[in-house]
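Chain residues, written in single-letter form:
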Amino acid sequence: NQYFSDGLSDAIINQLSQIPSLKVISRYSSFTYRGQYNATDLGQALQVETLLDGSVQTMGDQVRINVRIFSTDNGQQLWSKTFDGSNQDIFQLQDDISTGIQAIIQPDYRASSEPARTIDAQAYEWYLMGQYHWRQRNPESLAKAETYFKRSLELEPDYAEAHVGLGITYEFLHTYGNWSEKRAIDAALPHIDKALALNPDSATALAAKGLVLTEKAVYMTRSGQEDPALYQQAQDAFLKSLALEDNATPPQWYGGLLRRVGKESEVIHHLNKAIELNPLSATLKRAFSFELKAMNRRDSAQRMYQRALSLEPDYVSHLIESSRINRYTRDWILD
């Protein structure tokens, strides 16, 4: 049931990321410590003061979630609570956990009185499985993600998060698969627009729209049909997403847009912000190194790529990518 616990953790991370005063480490870096860990070592590695940990137990339709908060200064447990419910109550459970944590952080916090959503349990499970697979970023897993998101939407046609997941999956089928740019863009945008029609304040949907519109602008320019308005629309979507949620992904995607419009200093700022929230992501550091290379900052690009390689030394494409980063340098030529 890893996809279930991953999805639950994702949802809580995203909800806590909406608290302006709180720095929340992204899923990739925090999931690196899944299982056994030392709270003090973790705090030093991720530069955080507290650790949110938990476990999920399921029996049939029933779910029990045990949640704990530890100090990374001395490993002391600061708070714990058990939440019980059913698969049909999962959104209420997520809200209850986030509300409980926020009440600890901000004692004067008042939870929203808006009722939690109800989504068919099977549709939610298929959504979680789709989300789990698109994050693998390879053609086989993306094909599985497409299938699961579609199944989820068959049961819940107005499930905004499933529309976002399907839109991102289609975009990634170009980046990590064999789809053409046009096919991916044409497939992705309707689902992202549908998600925003259902939930205009979805930070994930807004970031996804910024990503796809940036790719569309690049594609149109390459096809001789340049449309500067697309860059502006993409930027508007990114800025709204960043204002809603302090997550690592939007600034990473936004950096790609900023480079294309020549705002190099802002690229550095936003990618550094993404690394602050996701310090153990080799993928992010590789992307940053490519951006630095495109800015002609070769020394910085090489250092950043080495940081990525230290995190993921067995990355399958590192020899090809290393040649991209190191090409035209004296050391690379001599080697």
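Each value, and the rule that gives it
- Residues numbered from 1 in each chain as written.
- Predicted model: local features only at pLDDT ≥ 70, side-chain atom pairs only at ≥ 80, totals over all residues.
- Heavy atoms only, no water.
- Helix = DSSP H or I, 4+ residues; strand = E, 2+ residues; numbered from the N terminus.
- Axes fitted to C-alpha atoms, helices over the stretch in contact; angles between N-to-C directions.
- Parallel < 35°, antiparallel > 145°, perpendicular 65-115°, else oblique.
- Left-handed = near helix turned anticlockwise from the far one by under 90°.
- Contact = heavy atoms within 4.5 Å.
- Nonpolar A, V, L, I, M, F, W, Y, C, P; charged D, E, K, R; others polar.
- Pairing = 2+ DSSP bridges.
- Salt bridge = Lys/Arg side-chain N within 4 Å of Asp/Glu carboxyl O.
- Buried < 20%, exposed > 50% of the residue type's maximum accessible area, 1.4 Å probe, protein only.

**Student:** In this structure, what is going on with the environment of glutamine 44? I would like to understand it.
**Tutor:** Structurally, the position occupied by glutamine 44 is in helix H3 (residues 39-46). In this structure, the C-alpha to C-alpha distance between glutamine 44 and aspartate 73, residues 29 residues apart in sequence, is 8.9 Å.

**Student:** I keep staring at the packing of helix H5 (residues 121-134) against helix H6 (residues 139-155) and nothing clicks. Help me out?
**Tutor:** It is at 8 Å that the axes of H5 and H6 come closest, and there the two elements cross at 160°. Relative to H6, the element H5 is oriented roughly antiparallel. Crossing handedness for the pair H5 and H6: left-handed. Residues Gln122, Ala123, Trp126, Tyr127, Met129, Gly130, Gln131, His133 and Trp134 of H5 pack against Ser141, Leu142, Lys144, Ala145, Tyr148, Phe149, Arg151, Ser152 and Leu155 of H6. Residue classes in the contact of H5 with H6 are distributed as 10 nonpolar, 6 polar and 2 charged.

**Student:** Help me out: how do you make sense of the sheet that holds strand E2 (residues 62-71) in this one?
**Tutor:** Backbone hydrogen bonds are what pair the strands of a sheet, in a parallel or an antiparallel way. One open sheet accounts for 3 strands, arranged E1-E2-E3; its pairing is antiparallel. In this open sheet, the two strands that pair with only one neighbour each are strand E1 (50-59) and strand E3 (77-86). The sheet shows a mean angle of 15° between the axes of neighbouring strands, taken without regard to direction. In terms of strand pairing, E2 meets E3 through 9 bridges, oriented antiparallel. The residue bridging glutamine 62 from the neighbouring strand is serine 86, located in E3. Across the sheet, helix H1 (residues 2-16) touches E1 and E2, and the angle it forms with E1 is around 140°. The sheet strands contacting helix H4 (residues 90-105) are E1, E2 and E3, and the helix crosses E3 at an angle near 160°.

**Student:** Explain the pattern of salt bridges here, please?
**Tutor:** It is possible for side chains bearing opposite charge to pair when their charged atoms get close. This structure, assessed with the given rule, holds 15 salt bridges. We note a salt bridge from aspartate 10 to arginine 135, for which the minimum N-O separation is 2.9 Å. Taken as a pair, aspartate 10 in helix H1 and arginine 135 in the loop between H5 and H6 lie far apart in primary sequence, 125 residues in all. Measuring nitrogen to oxygen at the nearest pair gives 2.7 Å for the salt bridge that ties arginine 222 to glutamate 181. Within this pair, whereas arginine 222 is found in helix H9 (residues 203-222), its partner glutamate 181 is found in helix H8 (residues 181-198), the two being separated by 41 residues in sequence. Given the relative accessible area of 57%, arginine 222 is considered exposed. Classification of glutamate 181 by relative accessible area gives buried; the value is 16%. What emerges from the salt-bridge pattern is a single network uniting Asp6, Asp10, Arg27 and Arg135.

**Student:** Could you clarify how one ought to interpret unusual backbone geometry in this entry?
**Tutor:** Generally, phi is negative for residues other than glycine and the peptide bonds are trans, each holding for most cases. Even without being a glycine, glutamine 47 presents a positive backbone phi close to 60°. By the element assignment, glutamine 47 lies in the loop between H3 and E1. Despite not being glycine, asparagine 296 shows a phi value in the positive range, around 70°. Looking at where asparagine 296 falls in the secondary structure, it is placed in the loop between helix H13 (282-294) and helix H14 (298-311).

None of the figures reported here should be taken as evidence of function without further support.
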